[in-house]
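Structural overview
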Amino acid sequence: MNFSDSEIVNSIMIERGLKPTDAPENADVIFVNTCSIRDNAERKVWDRLKYFRSVKKSVNNDMVVGLLGCMAERLKESVLEREKLVDMVVGPDAYRTIPNLLDEVEDGRKAVNVILSLEETYADIAPVRTTGNGVSAFVSIMRGCDNMCAFCVVPFTRGRERSRDLESILDEVQALSDQGYKEVTVLGQNVNSFNDNGRTFTELMDKVSLINPEMRIRFSTSHPKDFPDELLQLIAERPNICKYIHIPAQSGNNDVLKRMRRPYTREQYMELIHKMKKMIPGVALSTDIITGFCGETDAEHADTVELMKEVKYDLAYMFIYSERERTLAHRKMADDVSDDIKKSRLTEIVDAQHAGAKSNNELEHGKRHLVLVEGPSKRDENQYQGRTDTNKMVIFDQIDFKPGDYVEVEIIKSTSATLFGKAIKKSSITEFSSQMALA
Ligand code: SAH
Ligand code: SF4
């Protein structure tokens, strides 16, 4: 989401006549786009700001340093006091005002805009892409969140949920297709609750995926409380909608889920998982898990480990609970699981995840996948890396492929995180899916 937001800010800055630069030493303006989700995310930002202050002191005292995003929203003016590290503080809904705020700073004032909006979606701003190598792009379809999970700061930093108008999303995806992009990930805190005057996320996915049958469509994040069957059906039928679903459970225990204000039970969650696996054969699943939430007992934790073993997620983002100010958990519950216990529980959860993913990946040996080439492998320049439709990283020998090509690859071996394969031939979504249908 922040990468996507930075691309919007990029566009606003270029409009104002500034150009991006690679080295902080050459910059007149530096923005740090920030996350508040856990305390360690914020700590990294403070370190980064200190580094930029040292750059500023050594090369250009007039350099403007701005704090953007969720930390700006959470801490507001108080950031200006802290060690005089920043000149500007701009919340996630105030990026359009950055040019005016820069004028204020140039006039010698500090500038702050942290007003949240009920309408802002930046729908009319064409993001200037900095990620994805010309192959993959993010498209934000909604902003904010109304779910108010007890642990989460997002509703306070990103404000109320609002959806972009559907046509502006289709236009953006069409433009990406025209520019040769091969993969679009549509983004929101809870994409399933997308609602443009009654038009649903399933309708959006239907329309987006028809724009270019050779363009892969991914989506993130879905909330388990509202995953419609029609969407599962659409994923199963449409070859270019990726068979990969990120469906955060957070915990495998009903009492913890209740304390977290996640409005589903383990049983309902498992029913959804079974339905996904049944309706979309070969679907890959991932989750987010928080360990050590307020009052979590050994037995409650054991339920989460059990859930990991039962679902066998292909991927998981697993976190130690970090108390965030203003949230319900901060106001009403005690962060009473010790750091040591949180850490050892995390290790158990990570181990269960790795074991599940490893056994899933072993079942892939000998199977063929369509891989979208990203570029040279980070480990070995003579090899290429790319992803399957199911979002698994595959490493294979480089022949004469280039980023953005679809290649049919036979999987030979694997670890819990990576598949290794042999490239068979260049292919396409249409060709590969009809070949699979015949097989
Ligand atoms: N909207 C998405 C998640 C956005 S935040 C969803 O509901 O699925 C990404 C993940 O960060 C969450 O799923 C949760 O697992 C984790 N997270 C959020 N608040 C946290 C906290 N206070 N401590 C630890 N992890 C947290
Ligand atoms: Fe946070 Fe819950 Fe909203 Fe996700 S759904 S952003 S975890 S409040």
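Look up a bit, the structure's there.
Now for a description of the structure that goes with this document.

Definitions and cut-offs
- Residues numbered from 1 in each chain as written.
- Chains lettered and ligands numbered in written order.
- Predicted model: local features only at pLDDT ≥ 70, side-chain atom pairs only at ≥ 80, totals over all residues.
- Heavy atoms only, no water.
- Core = buried A, V, L, I, M, F, W, Y, C linked by side-chain atoms within 4.5 Å.
- Buried < 20%, exposed > 50% of the residue type's maximum accessible area, 1.4 Å probe, protein only.
- Contact = heavy atoms within 4.5 Å.
- Axes fitted to C-alpha atoms, helices over the stretch in contact; angles between N-to-C directions.
- Helix = DSSP H or I, 4+ residues; strand = E, 2+ residues; numbered from the N terminus.
- Parallel < 35°, antiparallel > 145°, perpendicular 65-115°, else oblique.
- Left-handed = near helix turned anticlockwise from the far one by under 90°.
- Nonpolar A, V, L, I, M, F, W, Y, C, P; charged D, E, K, R; others polar.
- Near = heavy atom within 4 Å.
- Polar contact = N/O pair within 3.5 Å; in protein donor to acceptor, adjacent residues only side chain to side chain.
- Areas by Shrake-Rupley, 256 points an atom, 1.4 Å probe, with all protein chains shown as cover.
- Expected span 1.5 Å × (residues − 1).

This part is about the nonpolar core. Of all hydrophobic cores here, the largest spans 51 residues; its most connected members are Ile141, Phe201, Phe227 and Ile245. Sequence-distant contacts of phenylalanine 201, that is, excluding residues within four places in its chain, are made with Ile141, Val186, Val191, Asn192, Phe194, Phe219 and Leu231. Core analysis: the second largest hydrophobic core is formed by 19 residues, Val45, Trp46, Phe52 and Leu80 among them.

Axis separation between helix 12 (residues 298-311) and helix 14 (residues 339-362) bottoms out at 8 Å; the angle between their running directions is 15°. Taken together, helix 12 and helix 14 sit at an angle that is classed as roughly parallel. For the pair helix 12 and helix 14, the sense of crossing is right-handed. Contacts between helix 12 and helix 14 involve Asp298, His301, Thr304, Val305, Met308 and Lys309 from the first element and Arg345, Glu348, Ile349, Ala352 and Gln353 from the second. Partitioned by chemical class, the residues of the contact of helix 12 with helix 14 number four nonpolar, three polar and four charged.

A separate point is the site of ligand 2. By nearness alone, every residue bordering ligand 2 is listed as Cys145, Asn147, Met148, Cys149, Phe151, Cys152, Val154, Pro155, Gln189, His223 and Arg262. Partitioning the shell around ligand 2 into residue classes produces seven nonpolar, three polar and one charged.

To continue, consider the site of ligand 1. Among the 15 residues in the neighbourhood of ligand 1, the closest are listed as Phe151, Gln189, Gln250, Asp288 and Ser322. One of the backbone N or O atoms of phenylalanine 151 is found 3.0 Å from a nitrogen atom in ligand 1. Interatomic distance of 2.7 Å between a backbone N/O atom of serine 322 and a nitrogen atom of ligand 1. In the complex, 90% of the free accessible area of ligand 1, which totals 550 Å², lies under the protein chains. Elements supplying a minimum of two residues to the shell around ligand 1: strand 13 (284-291) and strand 14 (315-320). When the residues that make up the shell around ligand 1 are grouped by side-chain class, the tally is seven nonpolar, four polar and four charged.

In this section: helix 1 (residues 2-15). Since one α-helical turn is 3.6 residues long, residues separated by three or four positions face the same way. For helix 1, built from 14 residues, the straight-helix expectation of 20 Å at 1.5 Å per residue is met to within 8% by its first-to-last C-alpha distance of 20 Å. Just beyond helix 1, the residue with positive phi is glycine 17, at close to 100°.

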